[in-house]
Amino acid sequence: MNDEIRVKEVRLIGAEGEQLGIKLYREAMQMATDLNLDLVNVAPTAKPPVCRIMDYGKYRYELQKKDKEARKNQKIIDIKEVRFSATIEEHDFQTKLRNVVKFLGDGDKVKCSVRFRGREITHSQIGKKVLDRVAVEVEQLSTIERHPKLEGRSMIMILQSKQQ
C-alpha cells in the first residue's frame, strides 16, 4: 500500500468503487493523498496492477469484525468414542447405544470401536456384527462416515449426525 507499490502505471479504482482508468503511480498516489485515504494494491499480479483508493485502517477493522463473527457462529464438532466388546450383553449394549444416540443428538461425530482381547481377534466377524447392529439402530439419526474396519486389535466405525 502507498509508498510500498513499485510500478509505473496502475489501474485505479476510486473510493466509491468507480473505475478511474490507467494512471501513473504518482498521479494515483496524489489523488489518494488529496482525499486523505490510502492507495492499496488489490490485484498485484494483474497487468497493470489494480490499485484502489480506500481507508486501509477501516478496511482491516471490517475484516477483523467479519472473522470474529464467523468464528463465533461456527459449530465445533467433537468426536466422541463409545467402546463395545465383542461379547457384549444386551443391557450393556442398550446403555452404550443410549450414549451414541445422545452424542448424535448433540451434533457430534461418534467413533464406535470394538476392542478384541486375546483370541477374540480370530472371530472379528462377531465385532463387525456388533457395529453393524449399532449402525442399524441409529440409521435414522446418522450416516456412516467410515464403515467398520479392523485396525490392530480394534475394529472402528465412525458415525456422523444427520442434523448438521
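Now for a look at the structure at hand. (Residues numbered from 1 in each chain as written. Predicted model: local features only at pLDDT ≥ 70, side-chain atom pairs only at ≥ 80, totals over all residues. Heavy atoms only, no water.)

## Description of unusual backbone geometry
Then comes step 1: With an omega of -15 degrees, the peptide bond between Lys47 and Pro48 qualifies as cis.
Then comes step 2: As for its position among the elements, Pro48 is in the loop between β3 (38–43) and β4 (50–54).
Then comes step 3: The phi dihedral of Asn36 is positive, around 60 degrees, even though this residue is not glycine.
Then comes step 4: Tracing the backbone shows Asn36 in the loop between α1 (25–34) and β3. (Helix = DSSP H or I, 4+ residues; strand = E, 2+ residues; numbered from the N terminus.)

## Examining the side chain of Asp38
Then comes step 1: Here Asp38 is to be found in strand β3.
Then comes step 2: Polar contacts involving the side chain of Asp38 include one to the main-chain amide nitrogen of Tyr56, which spans 3.1 Å.
Then comes step 3: In this structure, Asp38 is in contact with Met1, Asn2, Ala32, Arg52, Ile53, Met54, Asp55, Tyr56 and Gly57, ignoring residues within four places of it in sequence. (Polar contact = N/O pair within 3.5 Å; in protein donor to acceptor, adjacent residues only side chain to side chain. Contact = heavy atoms within 4.5 Å.)

## Examining the nonpolar core
Then comes step 1: By size, the foremost hydrophobic cluster in this structure holds 21 residues, and its most contacted members are Phe84, Val100, Cys112, Val134 and Leu159.
Then comes step 2: Those elements that place two or more of their residues in this core are β5 (79–85), α3 (90–105), β6 (109–115), α4 (124–137) and β8 (154–161).
Then comes step 3: Ranked by residues supplied to this core, first place goes to α3 with five residues.
Then comes step 4: When sequence neighbours within four positions are dropped, the list of residues in contact with Val100 reads Val82, Phe84, Val110, Cys112, Val138 and Leu159.
Then comes step 5: Counting ten residues, the second largest nonpolar core, distinct from the first, contains Ile5, Val10, Met29 and Ile53. (Core = buried A, V, L, I, M, F, W, Y, C linked by side-chain atoms within 4.5 Å. Buried < 20%, exposed > 50% of the residue type's maximum accessible area, 1.4 Å probe, protein only.)

## A closer look at the sheet that holds strand β7 (residues 142–151)
Then comes step 1: What the four strands build is an open sheet, ordered β5-β6-β8-β7; its pairing is mixed. Each edge of the open sheet carries a strand with a single partner, namely β5 and β7. Within the sheet, the average angular offset between the axes of one strand and its neighbour, ignoring direction, is 20 degrees.
Then comes step 2: Here β7 runs beside β8; their pairing, made up of seven bridges, is antiparallel. Its bridge partner being in β8, Arg146 is matched across the sheet by Ile158.
Then comes step 3: Across the face of the sheet, α3 comes into contact with β5, β6, β7 and β8 while running at roughly 165 degrees to β5.
Then comes step 4: Contacts between α4 and the sheet are confined to β5, β6, β7 and β8, with β8 contributing the most and set at about 10 degrees to the helix. (Pairing = 2+ DSSP bridges. Axes fitted to C-alpha atoms, helices over the stretch in contact; angles between N-to-C directions.)

## Describing the environment of Arg26
Then comes step 1: Within the secondary structure layout, Arg26 lies in helix α1.
Then comes step 2: Along the sequence, Arg26 and Lys8 sit 18 residues apart, while their C-alpha atoms lie 8.0 Å from each other.

## A few points about the packing of aromatic side chains
Then comes step 1: Taken as a whole and assessed by the stated rule, the structure comprises two aromatic pairs.
Then comes step 2: With a centroid separation of 6.2 Å and an interplanar angle of 35 degrees, the aromatic rings of Tyr56 and Tyr59 are classed as tilted. Taken together, the residues span about one helical turn, with Tyr56 and Tyr59 both in helix α2 (residues 56–73) at a distance of three residues.
Then comes step 3: On the basis of relative accessibility, which here comes to 38%, the residue Tyr59 falls in the partly exposed class.
Then comes step 4: Both rings, one in Phe84 and one in Phe93, keep their centres 5.8 Å apart while their planes meet at 45 degrees; by these two values the pair is tilted.
Then comes step 5: Its relative accessible area of 1% is what places Phe93 among the buried residues. (Phe/Tyr/Trp six-rings, centres within 6.5 Å; stacked < 30°, edge-to-face > 60°.)

## Remarks on the pairing of β8
Then comes step 1: For β8, the buried fraction is high: seven of the eight residues fall into the buried class.
Then comes step 2: Direction of pairing for β6 relative to β8: antiparallel, over a ladder of six bridges. By the bridge assignment for β8, Ser113 is matched with Ile156.
Then comes step 3: Hairpin connection between β7 and β8: a loop of two residues separates the two successive antiparallel strands, and Gly152 in this loop has a positive phi of roughly 70 degrees.

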